[in-house]
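The primary structure of each chain is shown beneath.
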Amino acid sequence: MTNNLIPTLGVVTDIRVDTPDIKTFRVEKIGGGKCFEHEPGQCAMLSIPGVGEAMFSITSSPTVTDHQEFSIKKCGCLTSWLHLMEPGQQITIRGPYGKPFPVDTELKGKDLLFIAGGVGLAPLHSVINYCLAKRENYGKIDVVYGSRSKDDLLTIDEIQNEWMKPENDLSVHLTIDRAQEGWDGHVGFVPNYVTELGFDPNKTVLVCGPPIMIKFVLQALDGLGFKKDQIYTTLELRMKCGIGKCGRCNIGDKYVCKDGPVFRFDQLDELPNEY
Amino acid sequence: MKKISMNALDALFAKIASTMKLYAPIEKAGQADFYEWSAGEKVRLDVLKTVKSAKDVFFPQVEDLIKFRVEGKSIELNEAPKCEDDFVVFGVRGCDARSFELLDRVFLVDPRDEFYAARRKHGIIVTLACGEPEESCFCTNFGIDPANPCGDASAWIVGDELYIEPRTERGAKLFAELEDADAAPVESAKKEISAIAEKLPFANLDFTGLDGEHLMEKFDDPAWERLSKACLGCGTCTFVCPTCQCYDIRDFDTGHGVTRYRCWDSCMYSDFTLMAAENSRHTQLQRYRQRFMHKLVYFPSNNDGLYSCVGCGRCVAKCPQNLNIVKVIKALGGKKA
Ligand SMILES: Cc1cc2nc3c(=O)[nH]c(=O)nc-3n(C[C@H](O)[C@H](O)[C@H](O)COP(=O)(O)OP(=O)(O)OC[C@H]3O[C@@H](n4cnc5c(N)ncnc54)[C@H](O)[C@@H]3O)c2cc1C
Ligand code: SF4
Ligand code: SF4
Ligand code: FES
């Protein structure tokens, strides 16, 4: 891209309904193929002219060669519009933005523990699929994923039919907030479930979800003996430019769009708590 | 050194404007700001501080980025044209001239802002020494010399003459036809200006401890409560500031398509960081602190210790509540963190 504020055109080729308020959109270049290459954890600015532009995690793994996916929660002007789209709709896209999870460096060779709540699975989704595609590079992998109800669990088909395949050697621990008919799995909040499961504190943790969940997950992990420099998360602040210039996502001497959105908790300790 | 009679300036402006755009401090509706010059405009070289700074010329308050046409499911996208021709900004004061170098550190670092970069490439800057620095000025704290500003050429008003010292090839070309002059009157003018600048009330602020480090100590300083108490969140200080760079990107439906434009924004506004679930800076204290922490701690931390302030004093003069960066420097500086 020669001008970073100028997007390219993409086309939505497939739409999947995940939950009552989350849909996953497949985006390709006009004529086919990915709009650009990305790394796990990076984001892109999607827009409909006249409606708005906003930042979204790229949920597909970089190892997917012909398209990119975005899991989007309906919550306002642009996201409602996106939810009304039909396949064939053109959108504008620019990116990739932000620093990725260090999948090929700090995370390599480690036992990984993914903890997600609600749409917080979106940024981790790409990392999990990347790790599965390069399974030999990682040790044990655990995923703890929770949401309000069983209908709010994102990509549940993929979780049950793909991730849980024995050859993937991946342990998935699902939970929902309140008991519900037709659900015989675990019931309870994610942080408590993490404590119950009692993970070995030699793991490297990637946690994403609502701020309140993250706060209690941190306490739970601390209780299990995890250190802050073993735990990664992504921050979500209001963004406009995506390239560290409009000032909107500035906290301390960092720009979340450029220096993040992936941070380690020991790094966050050195920044003002304005997120 | 060149010189021209002040009376002949209009003719000089007309000559420059016949080949390229010329911006200068021009009075409109009783207030001077940088506008494009045309015959008959009232140029106010005597006004020390335009209300808005000269940054408008390189980073306009409103600027188009893209034009879209939407038809059915299809989108047509046309990037807005970028500056392609040389232009002149005349009468930029030393503080505003330095602000361009600070904005460069934001807009020209990778990934570069191409709209800004094109203007910087084509802009020829003619600065003007500050005959009489005012009480609110404190540029000398940042190593800016109001008596000897930089740029492609620098000018001094001495009596009825304007003296011009070209400093680059582009500057020299602009004034090649003016008569040569003896530099002595300018040397004595410089001395007079320096004598005034030295005695200004804020000439010697103490920045000890404001070194881009000790970020959290400065952030947690109890003084913020007192400093920010009266702030209205009006954003005046950010809009007049030559180094404030925050912007918004918005779409406007023109009836014939959609124009995406950017416009200045302010970290002092409550909706700047508003999100669905919460606002990461929900009090005016937090927003006030953000503006000044950015200028005095965060920016230096990323830019070799340089402050994002040029001491122009505009926020000192314009804040309706008499709050300003000098009070912040006095409260936070002068002590080891
Ligand atoms: C790095 C990053 C990654 C993200 N990834 C995803 C993702 O994978 N999936 C997803 O569904 N969402 C994601 N988001 C959030 C998404 O950007 C917002 O939901 C979106 O901006 C809302 O746009 P809107 O036009 O629908 O809402 P608007 O109509 O603009 O506003 C609706 C409400 O949302 C608030 N809002 C505006 N911007 C944001 C924001 N950035 N975050 C939260 N609230 C906001 C508004 O203040 C308002 O209260 C991400 C945000 C960031 C910064
Ligand atoms: S500091 Fe003054 S000028 Fe700036 S927002 Fe507050 S009241 Fe307005
Ligand atoms: S902070 Fe105030 S004094 Fe400093 S450059 Fe901005 S307007 Fe001028
Ligand atoms: S979104 Fe503009 S600075 Fe981060």
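The structure displayed is predicted, hence computed values, not measured ones.

Draft legend 1. Quick peek at the overall build of chain B. On a plain count of helices and strands, chain B comes out with 12 helices and 12 strands. In terms of overall dimensions, chain B is globule-like: its C-alpha atoms have a radius of gyration of 21 Å, near the 20 Å expected for 337 residues. Dimensions along the principal axes, computed over C-alpha positions, put chain B at roughly 65 × 60 × 35 Å. The buried share of chain B, taken over its 337 residues, is 55%. Partitioning the contacts of chain B with sequence separation of at least 6, the portion at a separation of at least 24 is 71%.

Draft legend 2. A look at the pattern of salt bridges. Applying the stated criterion to the full structure yields 42 salt bridges over all chains. With its nearest N and O atoms 2.8 Å apart, the salt bridge here joins K82(B) to E79(B). The exposure class assigned to E79(B) is partly exposed, which follows from its relative accessible area of 33%. The closest approach of N and O atoms between D304(B) and R105(B), which form a salt bridge, is 3.2 Å. Of this pair, D304(B) sits in the loop between α10 (284–302) and α11 (314–318) while R105(B) sits in helix α3 (residues 94–107), and the two are 199 residues apart along the sequence. Through salt bridges with shared partners, a single ionic network connects K240(A), R248(A), D248(B), R250(B) and D265(B).

Draft legend 3. Examining the sheet that holds strand β10 (residues 186–187) of chain A more closely. Residue and element names in this part refer to chain A. Read across the open sheet, the 7 strands follow the order β10-β9-β8-β7-β11-β12-β15; overall the sheet is mixed. Only two strands of the sheet have a single partner each, and these edge strands are β10 and β15 (262–264). Here 5 bridges tie strand β7 (residues 112–117) to strand β11 (residues 204–208), and the two strands are oriented parallel to one another. The partner of A116 across the bridge, within β11, is C208.

Draft legend 4. Structural detail: the site of ligand 2. With respect to spatial proximity, 13 residues lie near ligand 2, and among them C231(B), C234(B), G235(B), C237(B) and C319(B) are the closest. Counted by class, the shell around ligand 2 contains 9 nonpolar, 4 polar and no charged residues.

Draft legend 5. Local environment of the site of ligand 3. Residues and elements named next belong to chain B. Every one of the 13 residues lining ligand 3 counts as a neighbour, but C241, C309, C312, G313 and C315 are closest to it. Taken together, the elements giving at least two residues each to the shell around ligand 3 come down to α10 and α11. Looking at the shell around ligand 3, its residues break down into 8 nonpolar, 2 polar and 3 charged.

Draft legend 6. View of the interface of chain B and chain A. The interface is formed by 48 residues belonging to chain B together with 44 residues belonging to chain A. Counting the surface lost from both chain B and chain A, the interface buries some 3,700 Å², and carbon and sulfur atoms represent 53% of this. Summed over the three residues of chain B that lose the most area to chain A, namely K73(B), I75(B) and Y247(B), the buried surface amounts to 18% of that side. If you look at where chain B meets chain A, you find 5 salt bridges. A salt bridge links K73(B) to E86(A), with the shortest nitrogen-to-oxygen separation between them at 3.8 Å. Here chain B and chain A share 20 residue pairs in polar contact (both at pLDDT 80 or more) between them.

Draft legend 7. Quick look at the packing of aromatic side chains. Residue and element names in this part refer to chain B. Counted under the stated rule, the structure contains 20 aromatic pairs over all chains. When the ring of F138 is compared with that of F202, the centres are 6.4 Å apart and the planes differ by 85 degrees; the resulting orientation is edge-to-face. Within this pair, whereas F138 is found in the loop between β7 (123–128) and β8 (153–158), its partner F202 is found in the loop between α6 (184–198) and α7 (215–219), the two being separated by 64 residues in sequence. Residue class for F138 comes out buried when judged on its relative accessible area of 1%. Seen from their ring centres, Y288 and F292 are 4.7 Å apart, and the 55 degrees between their planes marks the pair as tilted. Of this pair, Y288 and F292 both sit in helix α10, 4 residues apart, which is roughly one turn of the helix. Residue F292 is classed as buried on the basis of its relative accessible area of 3%. Lying over the aromatic face of Y247, R262 brings its terminal NZ or CZ to 4.7 Å of the ring centre. One residue, R289, lies across the ring of F219, its end atom 3.6 Å from the ring centre.

Draft legend 8. How the structure looks around the domain arrangement of chain A. All names here are of chain A. For chain A, the domain assignment lists domain 1 (8–97) and domain 2 (112–234). When each unit is reduced to the centre of its C-alpha atoms, the spacing between domain 1 and domain 2 is 24 Å. Counting residues at the interface gives 18 residues for domain 1 and 16 residues for domain 2. Of the roughly 1,300 Å² buried where domain 1 meets domain 2, counting both sides, 64% is carbon and sulfur surface. Of all residues in domain 1, P40, T59 and T63 bury the most surface against domain 2, accounting for 30% of the area lost on that side. On the surface where domain 1 and domain 2 come into contact, there are 1 salt bridge. Two residues, D21 and R148, come together in a salt bridge whose shortest N-O distance is 3.6 Å. Counting across the domain 1 and domain 2 interface gives 2 residue pairs in polar contact (both at pLDDT 80 or more). Those elements that place two or more of their residues in the side of domain 1 that touches domain 2 are β1 (8–19) and β5 (68–73).

Draft legend 9. Structural view of the nonpolar core. Residues I115(A), L221(A), F138(B), Y288(B) and L296(B) are the most contacted members of the largest nonpolar core, which totals 106 residues. If near-sequence neighbours (up to four positions away) are discounted, L296(B) is found in contact with F207(B), L210(B), Y307(B), I325(B), V328(B) and I329(B). The next biggest cluster of nonpolar side chains, apart from the first, holds 31 residues, and it includes L107(A), Y130(A), C208(A) and Y232(A).

What counts, and at which threshold
- Residues numbered from 1 in each chain as written.
- Chains lettered and ligands numbered in written order.
- Predicted model: local features only at pLDDT ≥ 70, side-chain atom pairs only at ≥ 80, totals over all residues.
- Heavy atoms only, no water.
- Helix = DSSP H or I, 4+ residues; strand = E, 2+ residues; numbered from the N terminus.
- Rg over C-alpha atoms; globule rule 2.2 N^0.38 Å.
- Buried < 20%, exposed > 50% of the residue type's maximum accessible area, 1.4 Å probe, protein only.
- Contact = heavy atoms within 4.5 Å.
- Salt bridge = Lys/Arg side-chain N within 4 Å of Asp/Glu carboxyl O.
- Pairing = 2+ DSSP bridges.
- Near = heavy atom within 4 Å.
- Nonpolar A, V, L, I, M, F, W, Y, C, P; charged D, E, K, R; others polar.
- Buried area = accessible area lost by both parts, 1.4 Å probe.
- Polar contact = N/O pair within 3.5 Å; in protein donor to acceptor, adjacent residues only side chain to side chain.
- Phe/Tyr/Trp six-rings, centres within 6.5 Å; stacked < 30°, edge-to-face > 60°.
- Lys NZ or Arg CZ within 6 Å of the ring centre and 35° of its normal.
- Domains from an automatic or database assignment.
- Core = buried A, V, L, I, M, F, W, Y, C linked by side-chain atoms within 4.5 Å.

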